[in-house]
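What the coordinates show
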Amino acid sequence: MNSYTAEWVLPITGEPIYRGSISTENGRIVDVDDRAGSEAIDLGGGVAVMPALVNAHTHLELSYLRKTMPPTEKFLDWIRTIMATRRQYADAGDPRILDAARAAIAEARASGTGLVGDISNTLVTAPLLREASMPAHVFYELLRFNAVDPESLVREARSRADAAADNDGNLRVSLAPHAPYSVSPGLFAAIRADLDAHPGQVTSVHLGESPEEIEFIRRGTGPWRVLLEELGVWNDQWQAPGTSPVGYLDQLGFLDRRVLAVHGVQFDGDDLDRLRSRDMTVVSCPRSNQHVGVGAPPLEAFYAMNVGVAFGTDSLASAPDLNLFSELAEARRLAPRVSARALLASATRQGAVALGYESDYGTIEAGKSAQLIAVRVPDAVDDVEEYLVGGIEPSAISWLDPS
Ligand SMILES: [Zn+2]
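What comes next concerns the included structure. Because the structure is predicted, anything quoted here is derived from the model rather than measured.

**Focus on unusual backbone geometry**
The backbone of Asn306 shows a phi angle near 60°, a positive value even though the residue is not glycine. Among the secondary structure elements, Asn306 is positioned in the loop between helix H11 (299-304) and strand E13 (308-311). For Asp314, which is not glycine, the phi torsion reads 65° and is therefore positive. Summarising the element assignment, Asp314 is placed in the loop between E13 and helix H12 (324-334).

**Here we look at the coordination of the zinc ion**
Looking at the metal site, the zinc ion is ligated by His57 (NE2), His59 (NE2) and His206 (NE2), spaced 2.1 to 2.2 Å from it. The sequence pattern formed by the donor residues of the zinc ion is H-x1-H-x146-H. With His59 in the loop between strand E6 (53-58) and helix H1 (75-87) and His206 in strand E10 (residues 203-207), this residue pair connects regions lying 147 residues apart in the sequence. Of the residues examined, His206 reaches a relative accessible area of 6% and is grouped as buried.

**Concerning the pattern of salt bridges**
Under the definition given, this model contains 26 salt bridges. Put simply, Arg19 and Asp42 hold a salt bridge, and the shortest N to O gap is 3.1 Å. With a gap of 23 residues between them, Arg19 in strand E2 (residues 17-25) and Asp42 in strand E4 (residues 41-42) connect regions that are remote in the sequence. On the basis of relative accessibility, which here comes to 28%, the residue Arg19 falls in the partly exposed class. A salt bridge links Asp321 to Arg287, with the shortest nitrogen-to-oxygen separation between them at 3.1 Å. With a gap of 34 residues between them, Asp321 in the loop between E13 and H12 and Arg287 in helix H10 (residues 286-291) connect regions that are remote in the sequence. The same class applies to Asp321 as to Arg287, namely buried.

**What about the sheet that holds E10?**
On the basis of which strands lie adjacent, the open sheet formed by 4 strands has the order E10-E11-E12-E13 and parallel pairing. Both edges of this open sheet fall to E10 and E13, since each of them pairs with a single strand only. The mean inter-strand angle of the sheet, taken between neighbouring strand axes irrespective of direction, is 30°. Judged from the 4 bridges that link them, strand E12 (residues 281-284) and E13 form a sheet pairing that is parallel. In the strand pairing of E13, Val283 is matched with Ala310.

**Concerning helix H2 (residues 95-110)**
Since the α-helix advances by 3.6 residues per turn, residues separated by three or four positions end up pointing in the same direction. Here H2 spans 22 Å end to end across 16 residues, near enough to the 22 Å set by a 1.5 Å rise per residue. Of the residues making up H2, those classed as buried are Ile97, Leu98, Ala100, Ala101, Ala104, Ile105 and Ala108. Along the long axis of H2, the arc covered by the buried residues comes to 165°, so they all point the same way. Just past H2, the residue Gly112 takes up positive phi, approximately 95°.

**Description of the pairing of E10**
Among the 5 residues of E10, 5 are classified as buried, and the element is accordingly described as predominantly covered. Side chains of E10 alternate between two faces, with Thr203, Val205 and Leu207 and Ser204 and His206 buried alike. Inspection of the sheet shows E10 paired to strand E11 (residues 259-263) by 5 bridges, in the parallel sense. Counted as the bridge partner of Thr203 is Val259 from E11.

**Thoughts on helix H4 (residues 150-164)**
The end-to-end C-alpha separation of H4 is 21 Å, in line with the 21 Å expected for 15 residues at 1.5 Å each. What H4 keeps buried is the set Pro150, Ser152, Leu153, Val154, Ala157, Arg158, Ala161 and Ala164. Looking at the buried residues of H4, the elements they touch are helix H3 (125-131), strand E8 (136-142), strand E9 (171-177) and helix H5 (185-196).

**Section: the sheet that holds E8**
Spatially, 4 strands are ordered E6-E7-E8-E9 in an open sheet, and the strand pairing comes out parallel. The sheet is open, and its two edges are formed by E6 and E9, each paired on a single side. Averaged over all neighbouring strand pairs, the angle between strand axes comes to 15°, with direction disregarded. In the sheet, E6 pairs with strand E7 (residues 113-120) via 4 bridges, with the strands oriented parallel.

**Let's talk about the side chain of Ser204**
When you line up the elements, Ser204 lands in strand E10. Judged by relative accessible area, Ser204 falls into the buried class, the value being 2%. Each residue touching Ser204, except ones within four places of it in the same chain, is listed here: Ile119, Phe139, Ala176, Pro177, Leu260 and Val262.

What counts and how
- Residues numbered from 1 in each chain as written.
- Predicted model: local features only at pLDDT ≥ 70, side-chain atom pairs only at ≥ 80, totals over all residues.
- Heavy atoms only, no water.
- Helix = DSSP H or I, 4+ residues; strand = E, 2+ residues; numbered from the N terminus.
- Donors = N, O, S within 2.8 Å, 3.2 Å for Na, K, Ca; no water.
- Buried < 20%, exposed > 50% of the residue type's maximum accessible area, 1.4 Å probe, protein only.
- Salt bridge = Lys/Arg side-chain N within 4 Å of Asp/Glu carboxyl O.
- Pairing = 2+ DSSP bridges.
- Axes fitted to C-alpha atoms, helices over the stretch in contact; angles between N-to-C directions.
- Expected span 1.5 Å × (residues − 1).
- Arc of directions from axis to C-beta.
- Contact = heavy atoms within 4.5 Å.

Structural data, given as structure tokens:
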């Protein structure tokens, strides 16, 4: 058993505890107290203990693209560049891909992340996450705008997903559609049926990211239409739904609380109303949004409309690092009226809820997994929550021994 006393303990369930203590045993939190424990290890002044962060959206298999994809003003330019680059690395098991993903997982851990939602088209990241003991939900992402037999596509994908998952429950794998412009209605339906057959699992979809997506779903026109035709995957049966992407997926019966809506940069009030009524979580990746030229997410509206908000870094192809504290700092800049406490809850508890890991992660409560980080805080700081959303470097972060 280990017992720690810190200047600040942030349970996330309420306000920070000044001079609180935490006891852990066999990897679990056994007690949280608002007094310093007499036999506790004193972490000293200027330390805040909080739950490990949850990075709810990344693509670890794209880590080898770090610093190769310059920022763009047009989303489709970015898409075209990444497609061309990925074609040069045709073998998913290329050591350059695996080594970069391994390093990225280590980097995420060093910057305080203890649970990830990872999108993968190849499942190569599953064994790497297991090897690094990084708890994760891997979304095995499917794209096919002209899927002829979506049911068999999903059946095959499901057996690969099951083979990649871990039996101890810390590496879960489900199927996920990429986006409304790259997945046929039939494939959405087949993935939804698979989700319904697996209670307790979650899925994820890129939704409302670019203005080009809005145009395509509303009118069937624009750069997405051009690209789909160019790739030879246009489907003549497909009719533009004439709604927003959120309205479209809702019509397809796809949306509920088990679906993570990633990005939401283009969401309007009606979309947010719908998401709230479905008890859904938006996963926001503001640095990536800026990099790929789609604008800034309406973060204050997400919170004002009481939609669940989690954060992700997105991949190293569109973010400079996997430090979720840096993502929080960008969120703070974009949403000055949202409280630091709410932002911190998004980066911890709401991420865990969205990924289906809330019984183990996201808060400091007795019984939960003791994935706890200690962040060094300067003496002069009086608002510790505000300090923590201002950007924290890995050198200020250490992990508490959970034994
Ligand atoms: Zn993504």
